[in-house]
Structure formats: structure tokens, C-alpha cells
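What follows is each chain in one-letter form.
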Amino acid sequence: MANLVLRLPYNLRPISVSAAASSNGSPGGLQSKGPLILELPMDKIRRPLMRTRSNDPQKVKELMDSISEIGLQVPIDVLEVDGEYYGFSGCHRYEAHQRLGLPTIRCKVRRGTKETLRHHLR
């Protein structure tokens, strides 16, 4: 499956587009389900669990060096609920971006419901 990275203003509603092949290798159609890879502004991602633990400073430093040299290789997972973005993982990558002063971060965005959000907050 091919991933497509789109850089859109944060106020546009993203759609998920992926290229899929059928079991016999022929190209499939466009799909509207699944995650979408987007560059999101750092200040638009809410981190409700950020204060529950501290990050390993050495790991953050190593990620800063790596991101500076080759960019972020693995997007952070973000949940989109009613147009708001919530990050629950990728804490070290998020902090490395913050400390580098980068305005955006690559995210794998999944849409969810308020019930899904409540589940993550338990």
C-alpha cells in the first residue's frame, strides 16, 4: 500500500486516500477508510496525558539529532475527534520537535468518536 503525505492548512477537513492493490496485484480503487498521514501544526495537537510521566532526555536528544539530519521517520499517532487532534503516543518524538522549534509534525491521523476519546483518557 502506498502512503500519500498531504500538507494542508489545519482548518481543512482531511480525507483519507490510499492506493491499494487487489490480491492479484491489479490496482485497486481509492479508499475512504483508514489513517491519513498529515503534517499538523504542533499547537493544534492536544496532549492530555503529557504530564503523567517524563520523557527520557537521552532518547529525546537522540531523536533531535536524527530529526535534524534525516527528518521524522515514523509519524506520531493522532486521534481526530470533531475537528480536534489528540496525541497519546509519540511523546519523545513530539518533545524532540518542540525542542527543535519545528512548527509541524508528521502524524498518522485516525478519526474517532467522543467515546473513543474517553477510552484513551481512562
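Residues numbered from 1 in each chain as written. Predicted model: local features only at pLDDT ≥ 70, side-chain atom pairs only at ≥ 80, totals over all residues. Heavy atoms only, no water.

Draft legend 1. The arrangement of the overall build of the protein chain in detail. Secondary structure summary: the protein chain contains three helices and eight strands in total. When the elements of the protein chain are put in sequence order from the N terminus, they spell out β-β-β-β-β-α-β-β-α-β-α. Within the protein chain, buried positions represent 32% of all 122 residues. Counted over contacts in the protein chain with a minimum sequence separation of 6, partners at least 24 positions apart contribute 75%. (Helix = DSSP H or I, 4+ residues; strand = E, 2+ residues; numbered from the N terminus. Buried < 20%, exposed > 50% of the residue type's maximum accessible area, 1.4 Å probe, protein only. Contact = heavy atoms within 4.5 Å.)

Draft legend 2. Broad picture of the nonpolar core. Counting 17 residues, the largest nonpolar core has Leu40, Ile45, Ile76, Val78, Ile105, Cys107 and Val109 as the members making the most contacts within it. Listing elements by their share of this core, those giving two or more residues are strand S4 (36–41), helix H1 (57–70), strand S6 (76–81), helix H2 (91–100) and strand S8 (104–111). When residues no more than four places from it in sequence are discounted, the contact partners of isoleucine 76 are Ile45, Arg47, Ser89, Gly90, Arg93, Tyr94, Ile105, Arg106, Cys107 and Lys108. Counting residues in hydrophobic clusters, the runner-up holds five residues, among them Val81, Tyr86, Phe88 and Leu117. (Core = buried A, V, L, I, M, F, W, Y, C linked by side-chain atoms within 4.5 Å.)

Draft legend 3. A look at unusual backbone geometry. For aspartate 82, which is not a glycine, the phi torsion comes out positive at approximately 50 degrees. The residue aspartate 82 is located in the loop between S6 and strand S7 (84–87) in this model.

Draft legend 4. Expanded view of the packing of aromatic side chains. In total, this model carries zero aromatic pairs according to the counting rule given. Across from the ring centre of tyrosine 94, 4.6 Å away, lies the NZ or CZ of arginine 47, which sits over that ring. (Phe/Tyr/Trp six-rings, centres within 6.5 Å; stacked < 30°, edge-to-face > 60°. Lys NZ or Arg CZ within 6 Å of the ring centre and 35° of its normal.)

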